[in-house]
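# Per-entry structural report
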Amino acid sequence: MATRKNSNIAYKIYAPVYDRVFAPTFAEGHTRMVEALDAQPGERVLEVGVGTGISLRHYVAGVRVDALDFSAAMLKKAQKRLDGGEVAADVTLHQMDAHKLEFIDDTFDHAVVAHAIAVVAEPDVVLREMMRVTKPGGRLVIVNHYKEVPGKLSRAWDPVRRRIGLGKNFDLLQLLQECGLQVVSDDIVNRIKSRLIVTRLP
Ligand SMILES: C[S@@+](CC[C@H](N)C(=O)[O-])C[C@H]1O[C@@H](n2cnc3c(N)ncnc32)[C@H](O)[C@@H]1O
């Protein structure tokens, strides 16, 4: 699909500068996302669209994280982070399309997606895949920049944002409801006013 390809090319370009350009802005979201997930040693977590792996240092030792991304260039950066000993948790990286998760049903205790649900081509497909591989009652946490009612300018800018891999606006809360996810909390984090939404699987 064209948009998936565009996103992959864009992240090849962003990978070398990603940590310097985006990490400071996203930092609070990553810290609070992992806190909200509250994964305990022995539990298994899925992280979708892990990018360069900035969030990984927040997981505690003993948590098993399967972190995936479409972009080989972003994953190479994440692997460097692991090799550098920055991460306490037991992390396995996968190059994988979030629309087609290569895990069997109910594999994970919890799942997260940071700044990536609006970037993927079909957020509904990705959310349903995340739900499929997460156990009933597990927490699914989302951090994303999100406009509830996008203005005219924002809507006009959307196709460009999509082409350059920066995501699009859509009604995330409605999608969560359609998927049957129960919203436990909904907060604003970081200076670009991203939303941190904690949900629970039925
Ligand atoms: C804005 S970055 C967020 C990275 C990281 N989660 C963070 O918060 O810094 C979006 C990430 O989603 C990944 N991505 C986009 N489409 C994807 C897909 N279909 N499957 C897996 N990852 C995808 C991109 O390669 C990119 O690394």
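Residues numbered from 1 in each chain as written. Predicted model: local features only at pLDDT ≥ 70, side-chain atom pairs only at ≥ 80, totals over all residues. Heavy atoms only, no water.

## Observations concerning the nonpolar core
Rules: Among the buried residues, those of types Ala, Val, Leu, Ile, Met, Phe, Trp, Tyr and Cys that are joined through side-chain atoms within 4.5 Å form a nonpolar core. For every residue, the accessible area (1.4 Å probe, protein chains only) is compared with the maximum for its type, and the residue is labelled buried under 20%, exposed over 50%, or partly exposed between those bounds. Numbered from the N terminus, helices here are DSSP runs of H or I no shorter than four residues, and strands are runs of E no shorter than two. Contacts are residue-level and defined by heavy atoms, with any inter-residue pair within 4.5 Å sufficient.
Counting residues in each nonpolar core, the largest one holds 29 residues, and the members touching the most others are Leu46, Ile117, Leu127, Met130 and Leu140. If you list the elements that add at least two residues to this core, you get β1 (44-48), β4 (110-114), α5 (123-133), β5 (139-145) and α7 (172-178). If sequence neighbours within four positions are ignored, Met130 has contacts with Leu46, Val48, Leu101, Ala111, Val112, Val113 and Leu140. Ranked by size, the runner-up nonpolar core spans 23 residues in total, among them Ala39, Val45, Val141 and Val189.

## Remarks on the site of the ligand
The line we're drawing: Note on terminology: near, applied to a residue and a molecule or strand, indicates that one of the residue's heavy atoms is within 4 Å of it. In protein, a polar contact requires one atom able to donate a hydrogen and another able to accept it; more generally it is a pair of N or O atoms within 3.5 Å, and residues adjacent in sequence count only if both atoms are side-chain atoms. Space inside and on the surface of the protein is sampled on a 1 Å grid over the protein atoms alone, with a cavity defined as a set of points where a 1.4 Å probe fits but cannot get out and a pocket as an open set with protein on both sides within 12 Å along at least 5 of 7 lines; lining residues have an atom within 4 Å of a point. Criterion for pocket placement: a molecule counts as inside a cavity or pocket if more than half of its atoms are within 2 Å of its grid points. Polarity classes work like this: nonpolar for Ala, Val, Leu, Ile, Met, Phe, Trp, Tyr, Cys and Pro, charged for Asp, Glu, Lys and Arg, and polar for all others, with Gly in that last group.
Taken together, 22 residues sit near the ligand, with Tyr18, His30, Gly49, Asp69 and Ala114 positioned nearest. Measuring from an oxygen atom of the ligand, one finds a side-chain N or O atom of His30 at 2.7 Å. One of the side-chain nitrogen or oxygen atoms of Asp97 is found 2.9 Å away from a nitrogen atom of the ligand. Assessed atom by atom at 2 Å from the grid points, the ligand resides in the largest cavity. Every element with two or more residues in the shell around the ligand is listed here: α1 (2-14) and α3 (23-37). Class assignment for the residues of the shell around the ligand results in 13 nonpolar, seven polar and two charged.

## Brief notes about α5
Those residues of α5 not exposed but buried are Pro123, Val126, Leu127, Glu129, Met130, Met131 and Val133. Packing partners of the buried residues in α5 comprise β1, β4, β5 and α7.

## Re the environment of Ile117
One can find Ile117 in the loop between β4 and α5. Through-space distance from the C-alpha of Ile117 to that of His145 is 9.6 Å; in sequence the pair is 28 residues apart. The contacts of Ile117, once residues within four sequence positions are left out, are Pro123, Val126, Leu127, Ile142, Asn144, Phe170 and Leu172.

## Here we look at the sheet that holds strand β3 (residues 90-95)
Let me state the cut-off plainly: For two strands to count as paired, DSSP must find a minimum of two bridges between them. For helices, the fitted axis covers only the stretch in contact; all axes are lines through C-alpha atoms, and the angles between them, taken along N-to-C directions, range from 0 to 180 degrees.
In spatial order, the strands read β3-β2-β1-β4-β5-β7-β6; together these seven strands make up an open sheet with mixed pairing. Looking at which strands have only one partner, the edges of the open sheet turn out to be β3 and β6 (182-189). Direction aside, the axes of adjacent strands within the sheet are offset by 15° on average. Across four bridges, β4 lies against β5 in parallel orientation. Paired with Val112 across the two strands is Val141, which belongs to β5. Along the sheet, helix α4 (residues 72-83) contacts β2 (64-69) and β3; its crossing angle with β3, the most-contacted strand, is approximately 165°.

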